[in-house]
Amino acid sequence: MKAVTGMTESEKYESFMKRIEDGDKIEMDDWMPDEYRTVLIKLISMHGISEIMGALPEKEWVPKAPGLGRKLGIMAKVQDEMGHGQLLLRVTEDLMKPLGRNRADIMDDLFEERLKFHNVFHMRTHTWADAGLIGWLVDGAAIITQTNMLGASYGPYARALKRICAEEVFHAQHGESIIMALAEGCTEQREMLQDAIDRWWPSLLMFFGPESKDTTGSSKQDATIKYQIRTKTNEELRQSFLSKYVPRIHSLGLTIPDDTLRFDQETKIWEYRQPDWKKFKQIIGNEGPKSQDRLNLRRAAYKNNAWVREALEA
Amino acid sequence: MEKTESGKFEGLTETDQAYLADLLKQLADDDYLLSFRSSEWLGLAPHIEEDVASASISQDMMGHAAMYYGLLGDIYGRDADDLAHFRGPADRRNSILTEKRNGEGEYLDVPKYDWAYHVVRNLYYNMHKKVKLVALKQSSSTPLRDVAAKAAMELYYHELHWRTWFIQLMNSSDDAKARMAAALEKVNGECADLFHLGKYSEDITRKGYIAPASEMKDSFRKEMEKVFDQTDSVFSFPDDQKENGRLGRHTEDLEHALELMSEVYGSVPYAKW
C-alpha cells in the first residue's frame, strides 16, 4: 500500500492520477477515488455476470452438439466461461468489501435487475450454427474489447483479463472450426450458417456499445478512458471488429445483411447501417427475447439450491 | 473366421469380439449418459466454483466415453461418433442409474433438479467405476488395460469430489440429511445393474476381460462402507430391480436423452459436423 496518510483529498487524488499516468498498477488495498471504485465495480461485475449468463445460451447446445469432439469442445468452453465469471466476481468482491457488500449482493443485484448483462446473451439461439457463431464472432468481439483493457490501471483486473484473453482465443478457434465445417458442408448447413449471420449481425454491432452517450443517454466509456482502464472508444473497437471479420465472412462466401456496408478508402473508416439503438436499450434493460427466461432460470436454480448453500454453512 | 479390421484387436474371433463389444458398450454408454446428465446441470450448480468443477468432471467422462467408443469402432470398423449417436435404446448397455433424469423439468425450461440425488448418484457411479477400472487394469485385453489406466488418473479426482460432497451433506443440516436420505433411497432403486456384466457375463469374465461381478461388488461394498462410516447411515446395496440396462432393458428417460443428444447429428444424416 502506498502511504497516503496526512494528505488532503485532492493531494491523494493527484498522487493517484500521477500513478496511473506513470503506468503504475493500482492494487486492491490502495487508496482510490470513489468514482474509480464505482466505475470498476460496475464494469467488472457486469463483465463477470455476463460470462455467467453467457454460459446459458451455449449450454443449450451442449447435449445436442453433433459428435463426441464437438460435445467435448463446447463443454470445455462453457466451463471456461463459468471460470471467467468466477475469476471476475472474485475481483469485484474485493472491490466491494469496503462497502460491506459480497457475492450474494451481486447475485441479488442480478435478480433484482440492477446489474445488467451483455446484449448478446439476451438473444435466442435457434440452431447449432448459432453455437458456432457465438464462439467465432461473439468471442471474437470479446477478444477485441478485452485486449483493449489488458493494460488496465487496476492490476487485479488486468491480470484476470490476461488469462481470460488467452482462453478466449481458444474459444474463437473452437467457434471457427464449427463455422468452417458448416461453410464447407452441404446446402442445409450453409443455409443454417447464413441464417445465423443474418440474425446475429445487429447484436454483434451493438456488442461494442453506442458511439457516445448521446445515443442512449449513458456510457461508461468516458470514465474508463479517463482512468486508463481502457484506451480505445466503442467506435474504434467496432471498426477493428469490422476490419478483422468482414473479409473473413465474405471469404467463406457468406453475405452480411447490410447493403450500405463499405470501407471508405480515404477516411479508412467502415460505413455501416446503425443497429436499432432503441432496441439495444430495451435488450440490456432485460426486455430482450430471452432476457426474462434466462434470468428466471438463474433465479430458480439459485432458489432451488439454497438448501445446499445453507447446509455448507451449517 | 472373420478378424477385426484394426490392429488393436487383431486375432480375436468373432465371438470374442461380441463379448468385448458388449463390455465396451456398457463402459462407453455409462459415461456417455451420465456425462450428459451432469452437463444438464451446467450453469445451475449450487455455486459458481462447483459449476466449474463439475463441468470439468463431465468433460472427463465424455472423454472416457469417446475412448471406449473408439475401441468399439475398431472392433466394428465403424465411426465412434456414429456409435455414440445412432444406436437406439435396445442396443444401449448403460446402467439404469446413469440414464435417469436429474429431477423434474427440462434443462431448457426451468428445471427443478435435485443436488442431493446428483451427489449420491455420482458417488455410487464413480465408486463403481473406480472398482471397475482397477479390474480393467488387469484385463487380458491390452487396449482395455491402456484405456483404463488413462481413465483411472482422472477418476481419482472425480471420486474424491463426490465423496467430499456426500460426507459433508450427510453430516449437515437436518434438511440436508432428509434430502440425502431420500436420494439414497432413490439411488438404491436404480443401481442394482451397475455390476451386472450383461448377457455374456460368464464369457467376459472367463476370458479375463474383467473380474467377476461378485468380486467387484465385494470391493465396492468395502469402499462404500468406509465412506458410510463417516456418516450416521449404513450402506446397503440392492440385489435386483425391474429394469436391467446391461441387458438393454431401459426406462423412458433413456429414449428422451438419446433423442436430444442426436438431434443435430442426425438432422442431416450425410453431413460432416
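Residues numbered from 1 in each chain as written. Chains lettered and ligands numbered in written order. Predicted model: local features only at pLDDT ≥ 70, side-chain atom pairs only at ≥ 80, totals over all residues. Heavy atoms only, no water.

Trainee: Which residues make up the overall build of chain B, and what values do they have?
Mentor: Counting its secondary structure elements, chain B contains 10 helices and 2 strands. Here the C-alpha radius of gyration of chain B, 18 Å, is about what a compact globule of 273 residues would show, namely 19 Å. Referenced to the eigenvectors of the C-alpha coordinate spread, the extents of chain B come out at roughly 60 × 45 × 35 Å. Among the 273 residues that make up chain B, the fraction classed as buried is 58%. Seen as two clouds, the 33 positive and the 48 negative side-chain charges of chain B have centres 4 Å apart. (Helix = DSSP H or I, 4+ residues; strand = E, 2+ residues; numbered from the N terminus. Rg over C-alpha atoms; globule rule 2.2 N^0.38 Å. Buried < 20%, exposed > 50% of the residue type's maximum accessible area, 1.4 Å probe, protein only. Lys, Arg positive; Asp, Glu negative; His and termini not counted. Charge placed at Lys NZ, Arg CZ, Asp CG, Glu CD.)

Trainee: An account of the interface of chain B and chain A is requested, with residue identities and associated values reported.
Mentor: Interface size is often expressed as the accessible area that is lost when the parts come together. With 55 residues of chain B at the contact, the number on the chain A side is 44 residues. Linking chain B to chain A there are 2 salt bridges. Residues K64 of chain A and E263 of chain B are paired through a salt bridge, measuring 3.4 Å at the closest nitrogen-oxygen approach. Remark: the boundary between chain B and chain A carries 19 residue pairs in polar contact (both at pLDDT 80 or more). At the level of elements, α1 (14-39), α2 (48-76), α3 (80-85), β2 (112-113), α5 (115-136), α6 (142-170), α7 (174-188) and α10 (252-262) of chain B are the ones that each hand at least two residues to the side of chain B that touches chain A. The element best represented in the side of chain B that touches chain A is α2 of chain B, accounting for 12 residues. Among the residues making up the side of chain B that touches chain A, the classes are represented as 33 nonpolar, 12 polar and 10 charged. (Contact = heavy atoms within 4.5 Å. Salt bridge = Lys/Arg side-chain N within 4 Å of Asp/Glu carboxyl O. Polar contact = N/O pair within 3.5 Å; in protein donor to acceptor, adjacent residues only side chain to side chain. Nonpolar A, V, L, I, M, F, W, Y, C, P; charged D, E, K, R; others polar.)

Trainee: Would you mind going over the nonpolar core in detail, with residue names and values included?
Mentor: Counting residues in each nonpolar core, the largest one holds 186 residues, and the members touching the most others are Y36, W128, Y154 and F241 of chain A together with W115, Y124 and F166 of chain B. A per-element tally of this core places α5 of chain B first, with 13 residues. Sequence-distant contacts of Y154 of chain A, defined by excluding residues within four places in its chain, comprise I26, E27, M28, M32, Y36, L40, I44, V91 and L95 of chain A. (Core = buried A, V, L, I, M, F, W, Y, C linked by side-chain atoms within 4.5 Å.)

Trainee: Go over the packing of aromatic side chains with me, naming the residues and quoting the values.
Mentor: Scanning the model with the defined rule gives 30 aromatic pairs over all chains in all. Both rings, one in F241 of chain A and one in Y245 of chain A, keep their centres 5.1 Å apart while their planes meet at 45 degrees; by these two values the pair is tilted. Of the two residues, F241 of chain A and Y245 of chain A both sit in helix α10 (residues 234-251), 4 residues apart, roughly one turn of that helix. An aromatic cluster is built from Y124, F166, F195, F220, F228, F235 and F237 of chain B, whose rings are joined through pairwise contacts. Against the face of W61 of chain A rests K64 of chain A, its NZ or CZ located 5.1 Å from the ring centre. Directly above the aromatic system of Y117 of chain B lies the positively charged group of K186 of chain B, at a separation of 4.3 Å from the ring centroid. (Phe/Tyr/Trp six-rings, centres within 6.5 Å; stacked < 30°, edge-to-face > 60°. Lys NZ or Arg CZ within 6 Å of the ring centre and 35° of its normal.)

Trainee: Mind laying out the packing of α2 of chain B against α5 of chain B, listing which residues take part and the relevant values?
Mentor: Residues and elements named next belong to chain B. At a minimum axis distance of 14 Å, the contact between α2 and α5 shows a crossing angle of 40 degrees. By the angle class used here, α2 and α5 are oblique. The handedness of the crossing between α2 and α5 comes out as left-handed. Note on element contacts: α5 touches α2 through W115, Y125, K129, L133 and L136, opposite E50, M61, H64 and Y68. (Axes fitted to C-alpha atoms, helices over the stretch in contact; angles between N-to-C directions. Parallel < 35°, antiparallel > 145°, perpendicular 65-115°, else oblique. Left-handed = near helix turned anticlockwise from the far one by under 90°.)

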